[in-house]
Amino acid sequence: MKVIGVTGGIGSGKSTVCDILRTLGCEIFNADLVAKQLQETDSEVIAGIKQLFGADIYEGGVPNRKKMAEIAFCDAQKLEALSQLIHPKVFLEFERARKTAEANGAKALVKEAAILFESGGDKQVDETIVVLAPRTERIRRLEARGMTRQDIEARMARQLSDDELRARADYVIENTGSLDELRAKTMDILNKILSTSSITSNR
Ligand code: ADP
């Protein structure tokens, strides 16, 4: 089974690429979604967040993520502590997902993560795909989704630059055209990955 990491700047189209990969028969592990779920269900994570941000950050079992992001993005130590709290647990969940996918006979398991390289999550995958799109287009899409400009800029500042992503990627998708073009590019890369044996892979 191939294990593929998909990342890209916020609004680049990585979730769309993962949706396409799902239709092509891949299993998808959404690291950002799992991290969110852990913040609501894992007692250690909940206790850690309350310690870092105050107990009143939780409202009815759900942390106020907007407030958490505002605080963490201005406080490097808190951001680091939050990462240390959550990333190892997401990694464990991914290993569990890998075993399940393998047992199910999946041809590929995809880890979708906004900060795949920054979190060290790329070490868990065989091949990485980076999705890139022009900054102005990404901002337009995210504003259409209801995000504020300030939030978009803060999240972008936390991610690697396009050049850094490009340098680290095994495969790059330039999401500059239509959805049909994105589908074709995604299919092409998946076929390449699936036809590469693990022995000849560069990792
Ligand atoms: P990310 O997961 O990287 O934040 P998404 O995949 O959610 O980005 O894409 C952001 C938005 O842009 C979504 O609404 C998506 O449908 C749209 N989108 C992505 N790629 C294209 C494209 N090639 N053409 C038109 N819309 C696109």
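Before any of the text, the structure's been laid out above.
What counts and how
- Residues numbered from 1 in each chain as written.
- Predicted model: local features only at pLDDT ≥ 70, side-chain atom pairs only at ≥ 80, totals over all residues.
- Heavy atoms only, no water.
- Helix = DSSP H or I, 4+ residues; strand = E, 2+ residues; numbered from the N terminus.
- Polar contact = N/O pair within 3.5 Å; in protein donor to acceptor, adjacent residues only side chain to side chain.
- Contact = heavy atoms within 4.5 Å.
- Near = heavy atom within 4 Å.
- Disulfide = S-S within 2.5 Å.

1. Concerning the side chain of Thr-186
Part 1 of the reasoning: Among the structural elements, Thr-186 can be located in helix α9 (residues 179–195).
Part 2 of the reasoning: A polar contact is formed between the side chain of Thr-186 and the backbone oxygen of Leu-182, at a distance of 2.7 Å.
Part 3 of the reasoning: Sequence-distant contacts of Thr-186, defined by excluding residues within four places in its chain, comprise Val-17, Ile-20, Leu-21 and Ile-173.

2. Focus: the site of the ligand
Part 1 of the reasoning: Taken together, 14 residues sit near the ligand, with Gly-11, Ser-15, Thr-16, Arg-145 and Asn-175 positioned nearest.
Part 2 of the reasoning: Taking Gly-13, its main chain carries an N or O atom lying 2.9 Å from an oxygen atom of the ligand.

3. Looking at the side chain of Arg-98
Part 1 of the reasoning: Mapped onto the elements, Arg-98 comes out in helix α5 (residues 76–103).
Part 2 of the reasoning: Side chain to side chain, Arg-98 and Glu-95 meet in a polar contact 3.0 Å long.
Part 3 of the reasoning: Beyond its immediate stretch of four places on either side in the chain, Arg-98 contacts Met-1, Val-3, Leu-109 and Gln-124.

4. Some points on the state of the cysteines
Part 1 of the reasoning: Inspection of every chain in the model, using the stated rule, returns zero disulfides.
Part 2 of the reasoning: Here Cys-26 is not disulfide-linked; the sulfur of Cys-18 is the nearest cysteine sulfur, at 8.9 Å.

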